[in-house]
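One-letter residues, chain by chain:
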Amino acid sequence: MPLSSKRRLAVSTTLIAALAAGVAPATSAFAATSLPAAPAATTPAAVPAPDMEGVVTALNSAMDNGAPGAMARFTGPTGVRSRTVGVQDRVSGAAMDIQSRFRIGSVSKTFSTVVLLQLVEEGKLELDKPVNTYLPGLLPDDRITVRHLLTHRSGLADYTNAMFANTVPGFEAVRNRVFSYQELVDLSLSEPRTTEPGVSYKYSNANFVVVGMLIEKATGRPVADAYERRIFKPLHLHKTSYVHPDTRIKGLHVRGYLHPDEAGGALVDSTEQTVSWAQSAGAVISNPADLNTFTSALMRGRLLSPAMMEAMTTVTPTDTTNTRFYGLGLRRYDLSCGTQVYGHTGTVQGFYTYTFSTRDGLRSLSAMANTSNHGAANTALGGTLEAAFCGKKPAASARAASPSADRDLTSLPAERDLPERY
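Model, not experiment: these values are computed from the prediction.

### As for unusual backbone geometry
A cis amide bond links H244 with the next residue in sequence, P245, at an omega value of 5 degrees. The phi dihedral of Q279 is positive, around 50 degrees, even though this residue is not glycine. Residues other than glycine seldom take positive phi values, yet N373 does so here, at roughly 65 degrees. Note that N373 resides in the loop between β15 (371-372) and α14 (375-390). You can call N373 buried: its relative accessible area is 3%.

Right, here's the structure in full:
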């Protein structure tokens, strides 16, 4: 049997009886003041069962568009369901493993935001104070506030557009390089700003480089320490770590494959790299179970106070589709069935990631495909959200009559966290 057929047959199905027990609160001013356990869930409104066949269809579509493999893990009131397709290592042929770790890219931004908002709760920062209040002289405009960074409304140019204008050469030039935060800020400031502060949304990795600088200034410690003490340990995220500048992914892990600029070119194994070009904007490593735990705990109020969660989930549109929005380091997608999910997308060379949860934290999905720089694969992977949270699609006639049918995210190109070539 050819390897491609074996990959198609490598669809694993896992059903775990129940979710793990409650998660311990984080170390923050809010958490330290006798944070109660999450309240017992009241009888929930009827929600559609996840369409796991649809999830597999989305995963296979990502493979059809160039990913060697893909996987997704859904948690809900009835337990855990996971699916895998393809391979996580093209050389060994090892099947995709739902326990494996991978680079989560810009999903790291939500981790960074949680840490920063905990510091706000502790009185060490204020959202609407200028960044230069805390990092004097860093930025050329005193109007840029901490909130502007978290909402991508600072106007700071995204230096990765120029850095990765030529995909593989750009990546190889930084694969083993170690940048300082200041060097990355300087790269951004060498380009024209994209908007006046606060005027409009414009995604930029530079914003979260500055967030990392604010965290380190406020804590006097590296961001790795803040992630570990405030999120990883309290939530028992044993497979999650901030790795910089080490190039390795320790333990069982997925290998990532980067598409070159030219269509049909050979994939480049991009697994080992410092990710120093991103740092607090994208250098976290995790796995699907830990990501589900994180987004669910966040939405259920285990990491931030109700007031801070309200601020984090107050969103503005990122495009004209009326389906996609951004809050404080958090995306909201409005799905075709009316369900709203919160989380983030992630792109780092060789990996696409989606991790989202309902606002009550009762349902969450994490999905990954081990490729990047091929927007069609990214868009296809996003189809796991509609399948998991909206269930099986109605018949075509019913969809045509539905006013929400044109809001199906699977019909929209994925949002870009890094430049895409094709």
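The discussion continues.
### Notes on the environment of V91
The topology assignment puts V91 in the loop between β3 (79-86) and β4 (102-103). C-alpha separation for the pair V91 and R255, spaced 164 residues apart in sequence, amounts to 9.8 Å.

### A look at the confidence of the model for the protein
Of the residues in the protein, 86% have a pLDDT of 70 or more, and the chain-wide mean is 89. Long-range and interchain partners of residues 1-43, a stretch whose pLDDT sits below 50, account for 82 contacts in this model, where long-range means more than four residues apart.

### Points about the sheet that holds strand β8 (residues 284-286)
In space, the 3 strands of this open sheet follow the order β4-β8-β5, with antiparallel pairing throughout. In this open sheet, the two strands that pair with only one neighbour each are β4 and β5 (241-242). Bridge count between β5 and β8: 2 bridges; the pairing is antiparallel. Residue pairing for β8: S241 is matched across the bridge by I285.

### Looking at the packing of aromatic side chains
Enumeration according to the criterion identifies 9 aromatic pairs in this entry. Between Y354 and F356 the ring centres are 6.5 Å apart and the planes differ by 40 degrees, which places this aromatic pair in the tilted class. Here Y354 matches F356 in class, with each residue buried. Taken together through their ring pairs, the aromatic side chains of F111, Y227, F232, Y242 and F294 make up a single cluster. The cationic tip of R90 hangs over the ring face of Y257; the distance from NZ or CZ to the ring centre is 5.5 Å.

### A word on the sheet that holds β15
If you trace the 3 strands from one edge of the open sheet to the other, you get β7-β6-β15, paired in mixed fashion. The sheet is open, and its two edges are formed by β7 (268-269) and β15, each paired on a single side. Relative to β7, strand β6 (residues 257-258) runs antiparallel, the two being bridged by 2 bridges. When the sheet's bridge partners are listed, Y257 is paired in β7 with D269.

### Examining the nonpolar core
Judged by nonpolar contacts, the single largest core of 76 residues is most densely connected at F111, L214, I231, W277, F294, L298 and M312. The element that contributes the greatest number of residues to this core is helix α10 (residues 205-219), accounting for 8 residues. Each residue touching F294, except ones within four places of it in the same chain, is listed here: T110, F111, V114, I231, L235, L237 and L303. If you look at the next biggest cluster of nonpolar residues, it comprises 31 residues, including L59, A67, A369 and A388.

### Overview of the packing of helix α4 (residues 108-121) against α10
The N-to-C vectors of α4 and α10 enclose an angle of 40 degrees; their axes lie 10 Å apart at closest approach. Relative to α10, the element α4 lies oblique. Crossing of α4 over α10 shows left-handed handedness. On the side of α4, the interface is formed by K109, S112, T113, V115, L116 and L119, while α10 contributes N205, F208, V211, L214, I215, A218 and T219. Taken together, the residues that form the contact of α4 with α10 break down as 8 nonpolar, 4 polar and 1 charged.

### Observations concerning the state of the cysteines
Where two cysteines share a covalent bond between their sulfur atoms, that bond is called a disulfide. Summed over all chains, the structure comprises 1 disulfide. Bridging C337 to C390, the disulfide has an S-S length of 2.1 Å. Every disulfide takes its handedness from the sign of the S-S torsion; for C337 and C390 that torsion is -70 degrees, giving left-handed. Highlighted residues: C337 in the loop between β11 (331-334) and β12 (340-348) and C390 in helix α14, separated in sequence by 53 residues.

### A few points about the pairing of β3
Among the 8 residues in β3, 7 count as buried, and that is most of the element. In the sheet, strand β2 (residues 69-76) pairs with β3 via 8 bridges, with the strands oriented antiparallel. Paired with A70 across the strands is V85, a residue of β3. Once β2 ends, the chain turns through 2 residues before running back antiparallel as β3.

### What about helix α3 (residues 52-64)?
With 13 residues, α3 ought to run about 18 Å at 1.5 Å a step, and its terminal C-alpha atoms sit 18 Å apart, in line with that. Considered for burial, the residues of α3 that qualify are M52, G54, V55, V56, A58, L59, N60, A62 and M63. Between the side-chain oxygen of the N-cap and the backbone nitrogen of E53 there are 3.3 Å, and the N-cap of α3 in question is D51. With its phi angle positive at about 110 degrees, G66 sits one or two positions after the end of α3.

### A look at the side chain of T323
Within the secondary structure layout, T323 lies in the loop between β9 (316-317) and β10 (324-326). With relative accessibility at 1%, the residue T323 sits in the buried group. Within the local environment of T323, its side chain forms a polar contact with the side chain of T321, the two groups lying 2.5 Å apart.

Parameters and conventions
- Residues numbered from 1 in each chain as written.
- Predicted model: local features only at pLDDT ≥ 70, side-chain atom pairs only at ≥ 80, totals over all residues.
- Heavy atoms only, no water.
- Helix = DSSP H or I, 4+ residues; strand = E, 2+ residues; numbered from the N terminus.
- Buried < 20%, exposed > 50% of the residue type's maximum accessible area, 1.4 Å probe, protein only.
- pLDDT = per-residue confidence, 0-100.
- Contact = heavy atoms within 4.5 Å.
- Pairing = 2+ DSSP bridges.
- Phe/Tyr/Trp six-rings, centres within 6.5 Å; stacked < 30°, edge-to-face > 60°.
- Lys NZ or Arg CZ within 6 Å of the ring centre and 35° of its normal.
- Core = buried A, V, L, I, M, F, W, Y, C linked by side-chain atoms within 4.5 Å.
- Axes fitted to C-alpha atoms, helices over the stretch in contact; angles between N-to-C directions.
- Parallel < 35°, antiparallel > 145°, perpendicular 65-115°, else oblique.
- Left-handed = near helix turned anticlockwise from the far one by under 90°.
- Nonpolar A, V, L, I, M, F, W, Y, C, P; charged D, E, K, R; others polar.
- Disulfide = S-S within 2.5 Å.
- Expected span 1.5 Å × (residues − 1).
- Polar contact = N/O pair within 3.5 Å; in protein donor to acceptor, adjacent residues only side chain to side chain.

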